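# Overview (structure and organization)
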Amino acid sequence: MGTPQFASFYPDFYIERLWEKCIKCRRCVKECSYGAHIWDEKKKTLLEDHTKCVGCHRCEAMCPTKAIIIRRHPSEFREHALWTPWFIKNIYKQADQGGVLLTSTGCALPFKNYFDHLVLDACQVTNPPIDPLREPMELRTYIGPKPEALEIEEVNGKFRLKKKLPPLIKLEVPIMFAAMSYGAISLHVHQGLARAARDLGTLYNTGEGGLHASLYEYGSNTIVQCASGRFGLHVDYLKAGVAIEIKIGQGAKPGIGGHLPGEKVTEEISKTRMIPVGSDALSPAPHHDIYSIEDLRGLIYALKEATEYKKLVFVKIAAVHNVAAIASGIVRAGADAVVIDGLKGGTGAAPTMFRDYIGIPIELAISAVDKRLREEGIRHRTSIIASGGIRSSADVVKAIALGADAVYIGTAALIAVGCTMCQRCYTGKCPWGIATNNPELIKRLPPEVAYEKIYNLVKAWAHEIKEMLGAMGINSIESLKGNRDKLRAVGLTKEEMEILEVKHAGE
Amino acid sequence: MPLELDISHLHYSQVNKILRDYIEKGEREFILRGVNGHRYLFAGISAEIKAQLYGTPGLDLGAFMRGPEIRVFGNVQDGAGNTMDEGKIVVHGMAGDVVGYAMRGGKIHIYGDVGYRVGIHMKAYMDKVPVIIIGGKAGDFLGEYMAGGIIILLGMHSIYPERPLAGLFLGTGMHGGTIYVRGKVKESYLGLGLKPYALDGEDEKILEKHLKEYCDDFGLDLSEILKEDFIKIIPYTHRPYGKLYAY
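Fair warning: this is a prediction, and the values are worked out from it, not measured in the lab. (Residues numbered from 1 in each chain as written. Chains lettered and ligands numbered in written order. Predicted model: local features only at pLDDT ≥ 70, side-chain atom pairs only at ≥ 80, totals over all residues. Heavy atoms only, no water.)

Across its full length, chain A holds 14 helices and 23 strands. Compactness check: chain A gives a C-alpha radius of gyration of 24 Å against a globular reference of 23 Å for 507 residues, within 12% of the reference. Judged by the C-alpha coordinates and their principal axes, chain A covers about 90 × 55 × 45 Å. By the burial criterion, 55% of the 507 residues in chain A qualify as buried. For chain A, the exposed surface amounts to about 22,000 Å²; the carbon and sulfur share of it is 55%. (Helix = DSSP H or I, 4+ residues; strand = E, 2+ residues; numbered from the N terminus. Rg over C-alpha atoms; globule rule 2.2 N^0.38 Å. Buried < 20%, exposed > 50% of the residue type's maximum accessible area, 1.4 Å probe, protein only. Areas by Shrake-Rupley, 256 points an atom, 1.4 Å probe, with all protein chains shown as cover.)

Before going further, it helps to spend a moment on the pairing of strand 6 (residues 107–110) of chain B. Residue and element names in this part refer to chain B. Of the two faces of strand 6, the one carrying Lys107 and His109 and the one carrying Ile108 and Ile110 are both buried. Examined bridge by bridge, strand 5 (residues 86–91) and strand 6 share four bridges and lie parallel to one another. When the sheet's bridge partners are listed, isoleucine 89 is paired in strand 6 with isoleucine 108. Strand direction decides the pairing type here: strand 6 and strand 7 (residues 131–134), joined by four bridges, are parallel. Bridged to histidine 109 within strand 7 is isoleucine 133. (Pairing = 2+ DSSP bridges.)

Reading across from one edge, 19(A)-5(A)-12(B) is the order of the three strands in this open sheet, with mixed pairing throughout. Strands at the two margins of the open sheet, each flanked by one partner only, are strand 19 (350–351) of chain A together with strand 12 (245–246) of chain B. Of the pairings in the sheet, the one linking strand 5 (residues 100–103) of chain A to strand 12 of chain B comprises two bridges and is parallel in character. From the neighbouring strand, A:Val100 faces strand 12 of chain B, where its bridge partner is B:Tyr245.

Our next topic: unusual backbone geometry. Residues and elements named next belong to chain B. A positive phi angle is found at aspartate 60, which is not glycine, with a value near 60°. Structurally, aspartate 60 is set in the loop between strand 3 (50–56) and strand 4 (66–73). Of note, histidine 121 is a non-glycine position whose phi angle comes to about 55°, a positive value. Positionally, histidine 121 belongs in the loop between strand 6 and strand 7. A relative accessible area of 0% means that histidine 121 is categorised as buried.

Moving on to helix 4 (residues 187–200) of chain A. Residues and elements named next belong to chain A. Taking 1.5 Å as the rise per residue, helix 4 with 14 residues should run 20 Å; its terminal C-alpha atoms sit 20 Å apart, in good agreement. With 11 of 14 residues buried, helix 4 lies mostly within the body of the structure. For helix 4, the full list of buried residues reads Leu187, His188, Val189, His190, Gln191, Gly192, Leu193, Ala194, Ala196, Ala197 and Leu200. Contacts made by the buried residues of helix 4 are with strand 11 (175–177), strand 12 (204–205), helix 12 (411–416) and helix 13 (447–472). Where helix 4 starts, the residue carrying a side-chain oxygen 3.2 Å from the main-chain nitrogen of histidine 188 turns out to be serine 186. (Expected span 1.5 Å × (residues − 1). Contact = heavy atoms within 4.5 Å. Polar contact = N/O pair within 3.5 Å; in protein donor to acceptor, adjacent residues only side chain to side chain.)

Time to look at the nonpolar core. A:Phe177, A:Ile409 and B:Phe64 are the most contacted members of the largest nonpolar core, which totals 133 residues. Residue contributions to this core peak at 11 residues, all from helix 13 of chain A. Counting contributing residues, this core receives three or more from each of domain 1 (20–75) and domain 2 (141–504) of chain A. Residues within four places of A:Ile409 in sequence aside, it is in contact with A:Ile175, A:Met176, A:Phe177, A:Ala178, A:Ile390, A:Leu457, A:Val458 and A:Trp461. Of all hydrophobic cores here, the second largest spans 52 residues; its members include B:Val15, B:Ala47, B:Leu153 and B:Ala166. (Core = buried A, V, L, I, M, F, W, Y, C linked by side-chain atoms within 4.5 Å. Domains from an automatic or database assignment.)

Attention now moves to the pattern of salt bridges. Counted under the stated rule, the structure contains 51 salt bridges over all chains. Taking the shortest distance from any N to any O, the salt bridge between A:Lys443 and A:Glu440 comes out at 3.1 Å. A salt bridge links B:Asp85 to B:Arg66, with the shortest nitrogen-to-oxygen separation between them at 2.8 Å. Taken together, the residues span a long stretch of sequence, with B:Asp85 in the loop between strand 4 and strand 5 and B:Arg66 in strand 4 at a distance of 19 residues. A relative accessible area of 2% places B:Asp85 in the buried class. A residue is classified by how much of its surface remains accessible, and B:Arg66, at 18% relative accessible area, is buried. The structure contains a network of salt bridges with shared partners spanning A:Asp370, A:Arg374, A:Arg379, A:Asp405, A:Glu478, A:Lys481, A:Arg484 and A:Glu501. (Salt bridge = Lys/Arg side-chain N within 4 Å of Asp/Glu carboxyl O.)

Turning next to the UniProt feature "binding site: [4Fe-4S] cluster 2" (unreviewed entry) in chain A. All names here are of chain A. Under the present numbering, the feature "binding site: [4Fe-4S] cluster 2" (unreviewed entry) in UniProt falls on Cys32, Cys53, Cys56 and Cys59. Sequence-wise these annotated residues cover 28 residues; spatially they are packed, their C-alpha atoms never more than 10.2 Å apart. Considering the arrangement of structural elements, one finds cysteine 32 in the loop between helix 1 (27–31) and strand 2 (37–40). As for its placement among the helices and strands, cysteine 59 is situated in helix 2 (residues 58–62). With near-sequence residues (within four places) excluded, cysteine 59 lies in contact with Cys28, His37, Ile68 and Ile70. (UniProt positions renumbered as here; feature names shortened; annotations may be inferred.)

Our next topic: the packing of helix 7 (residues 293–306) of chain A against helix 1 (residues 12–24) of chain B. In contact at an axis separation of 11 Å, helix 7 of chain A and helix 1 of chain B are set at 25° when each is read in the N-to-C sense. In terms of axis orientation, helix 7 of chain A runs roughly parallel to helix 1 of chain B. The handedness of the crossing between helix 7 of chain A and helix 1 of chain B is right-handed. Contacts from A:Tyr301, A:Glu305 and A:Ala306 of helix 7 of chain A reach helix 1 of chain B at B:Tyr12, B:Ser13, B:Asn16 and B:Arg20. (Axes fitted to C-alpha atoms, helices over the stretch in contact; angles between N-to-C directions. Parallel < 35°, antiparallel > 145°, perpendicular 65-115°, else oblique. Left-handed = near helix turned anticlockwise from the far one by under 90°.)

Once that is clear, we can look at the UniProt feature "binding site: [4Fe-4S] cluster 1" (unreviewed entry) in chain A. All names here are of chain A. Per the UniProt record, "binding site: [4Fe-4S] cluster 1" (unreviewed entry) is annotated on Cys22, Cys25, Cys28 and Cys63. Spanning 42 residues, the named residues form one tight spatial group whose C-alpha atoms are at most 10.4 Å apart. Mapping cysteine 25 onto the fold places it in the loop between strand 1 (13–17) and helix 1.

Moving on, we get to the interface of chain A and chain B. With 48 residues of chain A at the contact, the number on the chain B side is 37 residues. Buried area between chain A and chain B, summed over both chains or domains, comes out near 3,700 Å², and the portion from carbon and sulfur atoms is 57%. Per-residue buried area on chain A facing chain B is highest for A:Leu282, A:His288 and A:Glu305; these three make up 17% of the total on that side. At the boundary of chain A and chain B, one finds two salt bridges. Between B:Arg66 and A:Asp236 there is a salt bridge, and its shortest N-O distance comes to 3.0 Å. Inspection of the region where chain A meets chain B yields 16 residue pairs in polar contact (both at pLDDT 80 or more). The set of elements that each furnish at least two residues to the side of chain A that touches chain B consists of helix 3 (85–97), strand 5, helix 5 (235–240), helix 6 (267–273), strand 16 (281–283) and helix 7 of chain A. At eight residues, the largest contribution of residues to the side of chain A that touches chain B is made by helix 7 of chain A. In terms of residue class, the side of chain A that touches chain B is made up of 23 nonpolar, 14 polar and 11 charged. (Buried area = accessible area lost by both parts, 1.4 Å probe. Nonpolar A, V, L, I, M, F, W, Y, C, P; charged D, E, K, R; others polar.)

As structure tokens, this is what we get:
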């Protein structure tokens, strides 16, 4: 007998098969990429290996007779407030394997979610609400630096701007798609995101995995990313989009780089990232040419120079303790937009300790950065893009009222295409065909389905945002930006309200 | 006839604009004089051109470039060949830190010493194999995170006789590519898990091919360089962090 593997004794989930409904079609066996459903050829029956179930619910959803229910495993440990099953099982896993705990998505702990402690205003009697179905309502947002003042001159009886405006990116809706690399997610999802971004008048972000040849046509809706690994990064790529995002950090794992394991580097990924098939794609924790704000300026201008000042340069950081001071430095370094990714920001793979405990909530970070930049008189020189835990159109509205220009959504877009938040993206076996590049699994999510779902989601959110703006008596998203008067706190401390610059409900 | 420009009173972005305009018009050879800390020269330029630079180019010479052959008569500041794609940079002097960061193709030949973090995360793919040859000595972290390509360190034309050939953490985290060093390196200077190896016949062929070109660039005697034995440093695994995680 070998060493016992304690973790395998206590499965997280329980596959309940309703035998009166099961027709033994074996669809579940085919659907489960983790091998939790097993066909016993001898006994002509189905078996379950509960230890392999990740709780993705694919089998349950696909079972033609609805004969499967995935439950939390009913087996219980004796109650203990401190030593919950989560900690016990994590220790078993590490004692078994001696490794770093790995997980996916964003912070799973119930830290206070400030969005849920903020309520919005609406007009009653003293000023009328606006109905977006009958009256124009503008969500158009311009990303990039704005001049301090506009100088206007009269030429032949017509007014025009004296100086040309610097290049700006026009968004029809203040929701963009966050960086998710081809490699972390499937090409089909990328294709869906790109097409949806084009039809919605917004942008998607390639992440650091390079740009697949089939996606160059969506250039005017593309942000390309320059991360520390510099994968697939060449002149054509830099010039392919409308903006280049320097990724310094990410909310799910501030302070570390990324490891795309060799198993995920398939033929197509290898071509796009330009690394050999099967080799690890390692992104160092820092950019080794950036050890200071001055160095960051060095890279920002290297990119601008290389692309002849036609592209905006964004700098993405994780929201950490001194985020406001760091953001100020980033703006002074010349970034056209600062992307702040909060504690709740998602990922395809991150050490669990990083995902759950490092970084600060995005709501506080947006407000702190916006305030700092205003105090320093440089707010107009950049746009603030907020991300990490935006779950609904109300979250978008609140983020903008706290001072963001626009938001990125990542997890929400993936849930729109079927993700059930099983948090096992790092295995590359996603049975929903989202976070995988297995040629068989990706067929489960065709690009046109991904497109339709993502398009629908943002279209619905956009309408909700218009309704909420209308209710507040505002007819343009511009008037909401940093407009904290439209927010009130419920159940926050004085200090929290100071940071958010909001009054308490009733005030 | 190469086009000669005195850039001493021009801003770098003006210089690049002028270069791009001339390249567009079909100009293929340039001589730049009065180079004095100009940043980003030739950054992102995608053309088969030749240039001679007199003076000291600033940060990120040839960053992201694809094709140009740049010969510098002087030293270069940090970041030469940053994420360079194709082409060549020849420096008749010393180079600063982070030469050839994430370089993906082309060649960088440095006559003298280089600073810290040179050749970090170089990578190779199919027939694109970047090469950095350093005639002098190198600072810490040479070839860190190296994923592909070739670094050759000679240690011959150094102005620092008291320094070791290469600094600490040589090749730390490398998971591809090869580092050749003329002479010996203390094992304690190597990155975790790495060992020096003797060259085989294939290595000697590669080395000779690249060093011949290097000698041609600087008018050096190849036999002089080959008088001393080389060692090579290669990754001990292509998956240095394959066993880092618990699933």
